[in-house]
Amino acid sequence: MHAAAFFRCKGMGFSRFCSTFAVTINNSNMLHNTKMWLVACASAVMMLGSSLTCSAQQAAKPAKAPKDWAKIEKYAAANDSVRRACNSGRRVVFIGNSITELWKRNYPRFWNEHPDYVCRGICGQTSYQFLVRFRQDVIDLNPAVVVINAGTNDVAENTNRYSEDRTVANIATMAELARLHGIKVILTSVLPASHFSWRPAITDAAPKIASLNNRIKALAESMGCGYVDYYSHLVSGSERSLNPAMTTDGVHPTEAGYNVMAPLIVKAITQALSSK
């Protein structure tokens, strides 16, 4: 019997292999060459053993947990608490990236002064990921207002190649979803940045951010949303970078930067809450 015939035994059950092996032995017409037959038998047994070992290893290997690309689980427990809490009708959710998350983590005083404000920032995220978790982290919390700060990591290409049109479309979709659920929308500009330390190959961040901000502002006007211009209050120099007095890495504000941003957004929120 040719060795290839035995190779087909790989992956079959052991009993089926034994049956095949027995039939082969009883078939005298196939035993013309004893040496070749022994080689074939040895090869088949080795392959079956390898197959059974791999199967056992695969069965013993623990299943991988599915990757939570948008980190929907990050705020799951906190969202449960927010939903159970009394809603004053003045709840405001901030959805964003590290600029939003670090605001709460590093400078909690702002949030303590505004207990109805809910931080839902996640470091490193793009508008694509905001959109995936928008229901869980915004809509389901039943806020009166949502503040959307998106774009920095889109330009930095954290998840995919940058497309201004797609980023604007993601922001527009979030705004549309919010308004469909009776949530007022405030769009904010992307903060200035002339470079990203984790993406040194991107050398045109400043013009891309400036262009994106023009689109976000126009989107807010066309949809009748609020708009807050952080950019013009934080930009510095001909490179259009984040004011070095307000950052240590060129992307994230320090307390000085957040102190500039805070009154701008509070004013816009107050206006949104007072409007019909």
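Described below are features of the structure shown in this document.

Definitions and limits used
- Residues numbered from 1 in each chain as written.
- Predicted model: local features only at pLDDT ≥ 70, side-chain atom pairs only at ≥ 80, totals over all residues.
- Heavy atoms only, no water.
- Axes fitted to C-alpha atoms, helices over the stretch in contact; angles between N-to-C directions.
- Helix = DSSP H or I, 4+ residues; strand = E, 2+ residues; numbered from the N terminus.
- Parallel < 35°, antiparallel > 145°, perpendicular 65-115°, else oblique.
- Left-handed = near helix turned anticlockwise from the far one by under 90°.
- Contact = heavy atoms within 4.5 Å.
- Pairing = 2+ DSSP bridges.
- Nonpolar A, V, L, I, M, F, W, Y, C, P; charged D, E, K, R; others polar.
- Expected span 1.5 Å × (residues − 1).
- Buried < 20%, exposed > 50% of the residue type's maximum accessible area, 1.4 Å probe, protein only.
- Salt bridge = Lys/Arg side-chain N within 4 Å of Asp/Glu carboxyl O.
- Polar contact = N/O pair within 3.5 Å; in protein donor to acceptor, adjacent residues only side chain to side chain.

**Some remarks on the packing of helix α7 (residues 127-137) against helix α9 (residues 164-180)**
Here α7 crosses α9 at 20°, and the two axes come no closer than 9 Å. Relative to α9, α7 is oriented roughly parallel. Every pair of crossing elements has a handedness; the one defined by α7 and α9 is left-handed. Touching Ser127, Tyr128, Phe130, Leu131 and Phe134 of α7 are Arg166, Thr167, Asn170, Thr173, Met174, Leu177 and Ala178, all from α9.

**Quick look at the environment of arginine 90**
With respect to the secondary-structure elements, arginine 90 resides in the loop between α4 (76-84) and β1 (92-96). As a C-alpha pair, arginine 90 and leucine 273 span 183 residues in sequence and 6.9 Å in three-dimensional space. For arginine 90, the residues in contact, after removing those within four places along its chain, are Asp116, Ala144 and Leu273.

**Here we look at the sheet that holds strand β2 (residues 117-121)**
Spatial strand order, β2-β1-β3-β4-β5: 5 strands in an open sheet with parallel pairing. If you trace the sheet from one side to the other, it starts and ends with β2 and β5 (226-228), each paired once. When the angles between neighbouring strand axes are averaged without regard to direction, this sheet yields 20°. Across 4 bridges, β1 lies against strand β3 (residues 145-148) in parallel orientation. Opposite phenylalanine 94, over in β3, you have valine 147 as the bridge partner. In this fold α9 packs onto β3 and β4 (184-188), with an angle of close to 160° to the strand it touches most, β4. The sheet strands contacting helix α12 (residues 255-274) are β1, β2, β3, β4 and β5, and the helix crosses β4 at an angle near 160°.

**Looking at the packing of α9 against helix α10 (residues 205-223)**
Running from amino to carboxyl end, α9 crosses α10 at an angle of 30°, the nearest separation of the two axes being 10 Å. As judged from the angle between their axes, α9 and α10 are roughly parallel. The interaxial crossing formed by α9 with α10 has right-handed handedness. Residues Glu164, Asp165, Thr167, Val168, Ile171, Ala172, Ala175, Glu176 and Arg179 of α9 lie in contact with α10, whose contacting residues are Lys208, Ser211, Leu212, Arg215, Ile216, Leu219 and Met223. In terms of residue class, the contact of α9 with α10 is built from 8 nonpolar, 2 polar and 6 charged.

**Concerning α9**
The terminal C-alpha atoms of α9 lie 24 Å apart, and with 17 residues this matches the ideal 24 Å at 1.5 Å per residue to within 8%. Of the residues making up α9, those classed as buried are Glu164, Thr167, Val168, Asn170, Ile171, Ala172, Met174, Ala175 and Ala178. Those residues of α9 that are buried lie in contact with α7, β3, α8 (152-155), β4 and α10. At the C-terminal side of α9, glycine 182 shows a positive phi close to 75°.

**Some points on the pairing of β1**
With respect to burial, β1 is a largely interior element, 5 of its 5 residues being buried. Going residue by residue along β1, you find Val92, Phe94 and Gly96 tucked away on one face and Val93 and Ile95 tucked away on the opposite face as well. In the sheet, β1 pairs with β2 via 5 bridges, with the strands oriented parallel. Looking at the pairing, isoleucine 95 lines up with arginine 120 of β2.

**Here's the deal with the environment of alanine 78**
With respect to the secondary-structure elements, alanine 78 resides in helix α4. Taking the C-alpha atoms as reference, alanine 78 lies 9.8 Å from arginine 120; in sequence the two are 42 residues apart.

**Quick notes on the pattern of salt bridges**
When the charged atoms of two side chains lie near each other, side chains of opposite charge can form a pair. Tallied over the entire structure, the rule returns 9 salt bridges. For arginine 109, the salt bridge identified is with glutamate 255, shortest N-O distance 3.9 Å. Of this pair, arginine 109 sits in helix α6 (residues 109-113) while glutamate 255 sits in helix α12, and the two are 146 residues apart along the sequence. Residue class for arginine 109 comes out partly exposed when judged on its relative accessible area of 47%. For glutamate 255, a relative accessible area of 38% puts it in the partly exposed group. Its salt-bridge partner being lysine 208, residue aspartate 204 comes within 3.3 Å of it at the nearest N-O pair. Judged by relative accessible area, lysine 208 falls into the partly exposed class, the value being 22%.

**Describing the environment of arginine 133**
As for its position among the elements, arginine 133 is in helix α7. Overall, arginine 133 belongs to the buried group, its relative accessible area being 0%. Once residues within four sequence positions are removed from consideration, arginine 133 is found in contact with Ala70, Ile72, Ile95, Gly96, Arg120, Gly121, Ile122, Gln125 and Val138. A polar contact is formed between the side chain of arginine 133 and the backbone oxygen of arginine 120, at a distance of 3.1 Å. A distance of 2.6 Å separates a polar atom in the side chain of arginine 133 from a polar atom in the side chain of glutamine 125.

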